[in-house]
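# Commentary on secondary and tertiary structure
Chain by chain, the residues run as shown.
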Amino acid sequence: MLANDLRAIHPEAILAEKLERNELTLEIGADWIVPACMFLKEQQKFTRLSTVTGVDRYPSEPRFELVYHLHSVERNERVRLKCRVSGEEPEIDSVTSVWGAANWYEREVFDLFGVRFRNHPELRRIMLPDDWEGHPLRKDCQVTGPRV
Amino acid sequence: MSDSDIPGVTATLPETEARETEARPTVRRMTLNMGPQHPSTHGVLRLQVELDGENIVRCMPEIGYLHTGIEKEFEVKTYQQGVTLTDRIDYLAPLSNNLCYCLAVEKLLGLEIPPMAQWTRVMLTELTRLNSHLVWLGTHAIDIGAMSVFLYCFREREEILRIFEMYSGQRMMTSYFRIGGLALEPPRGWQQRIRKFIDVFPSRVDEYEDLLTNNRIWIGRTKGVGYISIEDMLDIGITGPMLRAGGVDWDIRKAQPYSSYEKFDFEVPTRKDNDVYARYLVRIEEMRQSARIIQQALEGMPSGRWTADAPHIVLPDREKMKTEMEALIYHFKIVTEGFRVPEGEVYQVVESPRGEVGYYVVSDGTPKPYRVHVRGPSFGNLQGVSRMVEGTLIADLIAAIGSMDFVLGDSDR
C-alpha cells in the first residue's frame, strides 16, 4: 500500500519491495532517496528516522547498501528503505534536510564505510580520530593478523 | 548604590575600550571545553561550549572517545558469542541489550521461546530498568547538589546487582539471556529473594521522593530547565523517558510488545512540561510501574523449561551430553562451529531505560552474522544536546545533560 502511494507520485523511485518476517523493505533508486523520504515524512507521517546504516556487499557491485529505518509513532509502523551505491566513489544525497537525526547517522556511515553524502552540513568523522586512515566496517578491512 | 557612588570607582570604561566593544560585540565570547574528562558527563563526552557571558550561544558535542568497534567485532564472532558483546554496549542496561539482540536472532531463526523464559526475561529487564534509573537518579542529584540521594539509590542498586549475581554469576556483564532462552536455570530461592526486594522497593521510591519531589532547591534547579519541543525531539531522534516527559505516549513495550509484555498490566507515565523536572517525575513513575511488572511476573511465573526445544541451537544438558550420542553430536557442532542462521535481515527494537534500542542483524546463512548494527538510544538523545541547551545559561547545562541520561558506551559502541 505504502509502495503504491509512493509509486503514484514518483513512479521510478521504487526498484523492489518485499515483506519478510512482517518487516517491509522498499528498495529505492539512489537518486530518489530524498524525494522518497520527503514523501514518507510529509504525506505518510513517518516522522522519525530511527537509524541509518550501511552494509558492505564486497565484492559484488553495486557494493554498498544504505539502510534507512523509518518509524511512525502515529501509525505505529516501521519501514526499511534500501539504496545501493557503487564501490567506486560511493556517493548519495543526504537526508538531513528531511530529518535532523540523519546528521550523525550519516557521519557515522561516512566514517566507518567511506560513503560520501552530498549536501551534508558537516561531513567529517564522528567515531574515529580525524587522521585515521581507512574505513573499518568495510569487508576488506581485516580485524586480525599483523599490522600492515 | 551604583558603582559611581563608590569613591575611586568610575562607572564608565575608558573611551577607547568602550568604542572597541561596541564595534565588535562578539569579541567577548569565550569557548569552553567541557570534557572529555568531566565528572558530570559520566564518561568521555566533550562539549565545546561557546559562551556570551553566562549564555550558551553554541554547544557542539563531540563523541567517539569510547568507540570500540563492537559492530565490527560481531562479524568475527558466532551468533551466541555475540551476546557477550551486547552487555558491553551499555553498562547500566546490559540485559536490555541482551534481550534485543536475542530477539533479533530468534526472529531470524523463527524460534519459539517457552513462556517461563519469556517471563523471566521480562522480570530481569525490568530490574535492569530499576538499576539504570537508580544510578541515573543518584548521579543526577549529585550533579545538581543533592548529595544524600546517591547513597539511598545505591543501597537498592546493590541488592539488584546481587540478584543479577545470583542468577548469572555476574553483577554487571550478565549475558544471562542467550539465543534460545536463558543461560542457566533460575537459581533456587529466587522467589524469596525477589519478593523481599520488591516488597520494600515502593517504600524506597517514596523515600527518594521525600528527598526531592517537593524540595525547593531541586525544583528551582530543574523546573523550566532543559526545554526542547516535541517536534525537535522527534526530528532529532530523542526517544524514551525524555519524549514521554514531553507528552508523547509512546513506549515500545506497549506499542510493539515483545517477550510477552502484552500479558502485563502497567501504565506508561507521561508529563507535559518537557523540562528536567518532568523527566525526573516520569522516571520515578517508571520505577513504580517496573516494580508492578516484577510483582506480576513473580506471582504469575509459568513453569516449564527455560530454553527452547531446539537441540541444534541450545546446548544440551550436561547429563544428556554424557549419556546420549545425539546430544553429544549437537554439543560438538554448536561449540566448534556454531549454528547456521537462515539468510535474511531483521530490525528488532526494545524499550531500554534510555529509549529505543534497535538491533539490525543481517545474516548470509553462515554461523556468523554478516552485519550487526546497533541503534543506541544515547546516540540519538545526545544529538539533541545542542538544540536543548543553546540559548540557556551555562549553570543549567549540567542539569540539562544530566536529564538526558546517556551512557557514552552506548552512543560510541
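Looking now at the overall build of chain B. Helices and strands together make up the secondary structure of chain B, namely 18 helices and eight strands. C-alpha extents for chain B along the principal axes are approximately 100 × 45 × 35 Å. Split into buried and exposed, the 413 residues of chain B put 47% on the buried side. Once local pairs closer than 6 in sequence are excluded, the contacts in chain B between residues at least 24 apart make up 69%.

What chain A contains, in helices and strands, is three helices and seven strands. Reading chain A from its N terminus to its C terminus gives the helix and strand order α-β-β-α-β-β-β-β-α-β. What you see for chain A is a C-alpha radius of gyration of 16 Å, in line with the 15 Å of a compact globule of 148 residues. Per-residue burial over chain A gives 39% buried out of 148 residues. Pairs at least 24 apart in sequence give 48% of the contacts found in chain A among residues at least 6 apart.

What follows is about the packing of helix H3 (residues 79-87) of chain B against helix H4 (residues 94-109) of chain B. Residues and elements named next belong to chain B. At a minimum axis distance of 8 Å, the contact between H3 and H4 shows a crossing angle of 150°. Regarding the angle of H3 to H4, the classification is roughly antiparallel. Here H3 and H4 pass one another in a crossing that is right-handed. From H3, Tyr79, Gly82, Val83, Thr86 and Asp87 reach across to H4, where they touch Pro94, Asn97, Asn98, Tyr101, Cys102 and Val105. Of the residues in the contact of H3 with H4, the class split is six nonpolar, four polar and one charged.

Here helix H14 (residues 325-336) of chain B spans 17 Å end to end across 12 residues, near enough to the 16 Å set by a 1.5 Å rise per residue. Downstream of H14 of chain B by a residue or two, Gly338 of chain B has a phi angle that is positive, lying close to 90°.

Residue and element names in this part refer to chain A. Alignment of strand S1 (residues 14-20) against strand S2 (residues 23-28), held across six bridges, turns out to be antiparallel. If you follow Leu19 over to S2, its bridge partner there is Leu24. Taking the residues between adjacent antiparallel strands as the criterion, S1 and S2 are bridged by two residues, where Arg21 takes a positive phi near 50°. Bridge analysis of S2 against strand S5 (residues 77-85) gives three bridges, and the strand direction is parallel.

This part takes up the packing of H4 of chain B against helix H5 (residues 115-144) of chain B. Axis angle and axis distance: for two packed helices, these are the angle between their axes and the distance between the axes, and together they describe the pair. Residue and element names in this part refer to chain B. At their nearest, the axes of H4 and H5 sit 8 Å apart, and the two run at 140° to each other. In terms of orientation, H4 and H5 fall into the oblique class. Together, Leu95, Ser96 and Leu99 of H4 and Arg121, Leu124, Thr125 and Thr128 of H5 make up the contact between the two elements. Residue classes in the contact of H4 with H5 are distributed as three nonpolar, three polar and one charged.

Time to look at the interface of chain B and chain A. Of the residues lining the interface, 29 residues belong to chain B; the matching set on chain A comes to 26 residues. Sorting elements by how many residues they give to the side of chain B that touches chain A places strand S7 (residues 355-363) of chain B first, with four residues. Looking at the side of chain B that touches chain A, its residues break down into 12 nonpolar, nine polar and eight charged.

Turning next to the nonpolar core. Counting residues in hydrophobic clusters, the biggest one holds 146 residues, and the most contacted among them are Ala36, Leu66 and Val115 of chain A together with Ala104, Val105 and Val361 of chain B. Filtering out sequence-adjacent residues up to four positions away, Leu66 of chain A remains in contact with Val52, Gly54, Cys83, Val85, Ile92, Val109 and Val115 of chain A.

Calculation notes
Residues numbered from 1 in each chain as written. Chains lettered and ligands numbered in written order. Predicted model: local features only at pLDDT ≥ 70, side-chain atom pairs only at ≥ 80, totals over all residues. Helix = DSSP H or I, 4+ residues; strand = E, 2+ residues; numbered from the N terminus. Buried ≥ 20, exposed ≤ 12 C-beta atoms within 10 Å, placed from the backbone. Contact = placed C-beta atoms within 7 Å. Rg over C-alpha atoms; globule rule 2.2 N^0.38 Å. Axes fitted to C-alpha atoms, helices over the stretch in contact; angles between N-to-C directions. Parallel < 35°, antiparallel > 145°, perpendicular 65-115°, else oblique. Left-handed = near helix turned anticlockwise from the far one by under 90°. Nonpolar A, V, L, I, M, F, W, Y, C, P; charged D, E, K, R; others polar. Expected span 1.5 Å × (residues − 1). Pairing = 2+ DSSP bridges. Core = buried A, V, L, I, M, F, W, Y, C linked by C-beta atoms within 7 Å.

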